[in-house]
Amino acid sequence: MPRMGCGFLCFLKAAILYVVGHFAISHFGEHFVNKRSGYEKGTCRRFIAILNLQWAMIFCSLVIYRQLMAFFDSPFTLICTYLKPTSLTVEIYRRRVANVLLLFFLLSHLTYFLYYFDGLIQWLLFEISSICLGVWAHLMFFCFGFFALNCVLPFLKGVDCFSNLLEKLARISFIRLLLWNRQFQAVFSLIVSVCISLVCFMSADYIYVRTAELPISNLSPKAEGLRIAVLSDLHAGGAVHRDQIAHVVDRTNDMNADAVFIVGDMTDGTIEHLESRIEPLRHLRSRLGTFMVTGNHDYYFDDALAWIRLFKSYGIKVLTNSKADLEGICLVGLNDISSGTSGIPSHEMNISSVILECEASKSVIVLSHNPASAKHISESNLSYNGVDLIISGHTHSGQFYVMLPFIYFVLPYVHGLYTVPMKFVSHNTILLVTAGTLYQGPPMKMPFYSNIWQVTLMAKRTSEFVDLD
């Protein structure tokens, strides 16, 4: 068996150091949080989460640095192909690239702290910092992948079946460079990361309207053909400005929907800093009005109840564990699944009590920001016909291509339409998960994933549900 490589040992040491640091931040952070009261508990808890994120990012940045700086390691096979460097020129460029990378890491790590600033500091730094963060995320995917590959390949070479396969793959020059040439890996990671980031940057503000006709049981005649515009995850603040919010409002109004549903994550900041950015929402128009629920980000930086009062002043019907009648449909709005940790008393998500208030003869539609709530709803004993449709957001469908494998691995619902079996009733529930209308953090998003959904409600004529996504 080949001896364990130095890279793998370094990884183990870093993993142990990360776990110790994460425990320390979480332990002392929770002590700090418990000294606060009300919504300040939630905002402090968010800050501790950011510190933990930054601690993890430091180790990820070390992996990126190690992989990219391998470009300057000897032998200089890739460099010598195009240039004739001396040891002195290589060292000069190594220092310059190292300095650029350190600045790049600093800007990337600043992004989430800049949400706590407004005015000149945020205006000067946030756009470039968040773009750096987007590129950083893509670099992390490729650099960590190559780091893992470089750790594993020496072991695989010692196993006969894998050794034969690697020899065959090495006959293809591109794959040989990708597997064995650290300089080529660095160049590949950088070029592909920048190209994908550029595509996501160019597409982020393009709003794509997705459509679906959904069969609903016991649909009242008045609700037949009802057209609903679904918005989610606007994330006003950071790189999302008033113009983007106004554009979303214009696109929504052009749809001439009967109603507008907003399923959370409206803001990333305080009312003092963001009221002017979010103000265009008062101009949303529809025949039956706009209905909204909270998302996890609505609790992170300010008093969510203050935001709720502001949205109500715009004429938006904010459903906080409450219901409304929508053309004979019982429309239920749940507080975000994380609202119990917000510090706001008696504000946690409450499924059974509000849904049980719906009349058994009515169709039930639930607005809930996090699709994880679908599992809780499906396992709740609602003692009648159940829920017909759940509408959620939250996932952004990963926002970046490189995040999709992770998102699909950790989340049961990512994007589109799903059938959710109900435990205590005879029929299943439709779950719609929107990828969000805008974005959070970096102004980058996969093409066609900045979505407004146009949902048309149809009377259910068969017992079979067909996934329309």
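Every chain's residues receive numbers from 1 upward, in the order its sequence appears when written. Totals for whole chains, interfaces and linings use all residues, but because this is a predicted model, local features are given only for residues with pLDDT of at least 70 and pairs of side-chain atoms are given and counted only at 80 or more. Only hydrogens and water are set aside; all other atoms, that is, all heavy atoms of the structure, feed into the side-chain values.

As named in an unreviewed UniProt entry, the protein chain is Calcineurin-like phosphoesterase domain-containing protein, taken from Steinernema hermaphroditum.

J.: Any chance you could break down unusual backbone geometry for me, citing the residues and the numbers?
T.: With phi around 55°, asparagine 218 is a residue other than glycine that occupies positive phi space. Topologically, asparagine 218 is positioned in the loop between β1 (208-216) and β2 (227-231). Under the scheme applied here, a residue whose accessible area is under 20% of the maximum for its type counts as buried, over 50% as exposed, and between as partly exposed, the area being computed with a 1.4 Å probe on protein chains only. Classification of asparagine 218 as partly exposed rests on a relative accessible area of 43%. Positive phi is not limited to glycine here, since glutamine 399 has a value of about 70°. What counts as a helix is a DSSP run of H or I of at least four residues, what counts as a strand is a run of E of at least two, and both are numbered from the N terminus.

J.: Lay out the pairing of strand β12 (residues 451-459) in plain terms, naming residues and giving numbers.
T.: Within β12, 8 of the 9 residues are buried, which leaves it mostly tucked inside the rest of the structure. Strands are treated as partners if at least two bridges between them are detected by DSSP. Relative to β12, β1 runs parallel, the two being bridged by 9 bridges. Considered in β12, the bridge of proline 215 is made with methionine 458. Pairing analysis gives 4 bridges linking β2 to β12, with the strands arranged antiparallel. Among the inter-strand pairings, valine 230 is bridged to a residue of β12, identified as tryptophan 453.

J.: If you had to explain the UniProt feature "transmembrane region" (unreviewed entry) in the protein chain to someone new, which residues and values would you point to?
T.: UniProt positions are given in the numbering used here, feature names are shortened, and annotations may be inferred rather than shown by experiment. When the UniProt feature table is mapped onto this chain, "transmembrane region" (unreviewed entry) is found at residues 45-65, 97-117, 123-149 and 186-209. Secondary structure across residues 45-65 comprises 100% helix and 0% strand; the distance between its end C-alpha atoms is 30 Å.

J.: Kindly report on the state of the cysteines, identifying the contributing residues and their values.
T.: In this description, a disulfide is simply a cysteine sulfur pair whose atoms lie within 2.5 Å. Counted under the stated rule, the structure contains 1 disulfide. In this model cysteine 200 remains outside any disulfide bridge; the closest cysteine sulfur is found in cysteine 195, 11 Å from its own.

J.: Outline the pairing of strand β10 (residues 416-420), listing residues and values.
T.: Burial analysis of β10 places 4 of its 5 residues in the buried class, the great majority of the element. Note that β10 and strand β11 (residues 429-433) share 5 bridges and pair antiparallel. When the sheet's bridge partners are listed, tyrosine 418 is paired in β11 with leucine 431.

J.: Let's hear about the nonpolar core: which residues, and what values?
T.: Ranked by size, the top nonpolar core spans 68 residues in total, and within it Ile64, Trp136, Ile278, Leu281, Phe311 and Leu438 carry the most contacts. Per-element tally for this core: the top contributor is helix α5 (residues 120-157), with 12 residues. Note on contacts: a residue pair is in contact if any heavy atoms of the two residues lie within 4.5 Å. Excluding residues within four positions of it along the chain, isoleucine 64 makes contact with Phe105, Trp136, Leu139, Met140 and Cys143. Counting 28 residues, the second largest nonpolar core, distinct from the first, contains Ile228, Ile329, Leu331 and Leu389. Side-chain atoms within 4.5 Å link the members of a nonpolar core, which is a set of buried Ala, Val, Leu, Ile, Met, Phe, Trp, Tyr and Cys residues.

J.: Tell me about the sheet that holds strand β7 (residues 329-333), and please be specific about residues and values.
T.: By definition, the strands of a sheet pair up through backbone hydrogen bonds, in either a parallel or an antiparallel sense. Taken together, 6 strands build an open sheet; the order of strands is β6-β7-β8-β9-β11-β10 and the sheet is mixed. Edge positions in the sheet fall to β6 (322-326) and β10, since each of these pairs with one other strand and no more. Averaged over all neighbouring strand pairs, the angle between strand axes comes to 20°, with direction disregarded. Pairing of strand β9 (residues 389-392) with β11 involves 4 bridges; the strand directions are parallel. Looking at the pairing, leucine 389 lines up with isoleucine 430 of β11. To define axes, lines are fitted to C-alpha atoms, for helices over the stretch in contact only, and angles between the resulting N-to-C directions are given on a 0 to 180 degree scale.

J.: Could you give an account of the packing of aromatic side chains, with specific residues and numbers?
T.: Side-chain rings of Phe, Tyr and Trp, where Trp is taken by its six-membered ring, are said to pair if the distance between their centres is within 6.5 Å; with planes under 30 degrees apart they count as stacked, over 60 as edge-to-face, and otherwise as tilted. Summed over the entire model, instances satisfying the criterion amount to 23 aromatic pairs. Ring geometry for phenylalanine 141 versus phenylalanine 142: centroids 5.1 Å apart, planes at 90°, classification edge-to-face. With a relative accessible area of 38%, phenylalanine 141 lands in the partly exposed category. Seen in terms of ring centroids, tyrosine 300 and phenylalanine 301 are 6.4 Å apart; in terms of plane orientation they differ by 80°. Their pairing is edge-to-face. As far as burial versus exposure is concerned, tyrosine 300 and phenylalanine 301 are alike and both buried.

J.: Got a sec to walk through the sheet that holds strand β4 (residues 290-293)? Specific residues and values, please.
T.: Within the open sheet, the 6 strands sit side by side as β1-β12-β2-β3-β4-β5. Their pairing is mixed. Looking along the sheet, the strands with just one partner apiece sit at the ends: β1 and β5 (317-318). In terms of strand pairing, β4 meets β5 through 2 bridges, oriented parallel. In the sheet register, methionine 292 faces β5, and the bridge partner there is valine 318.

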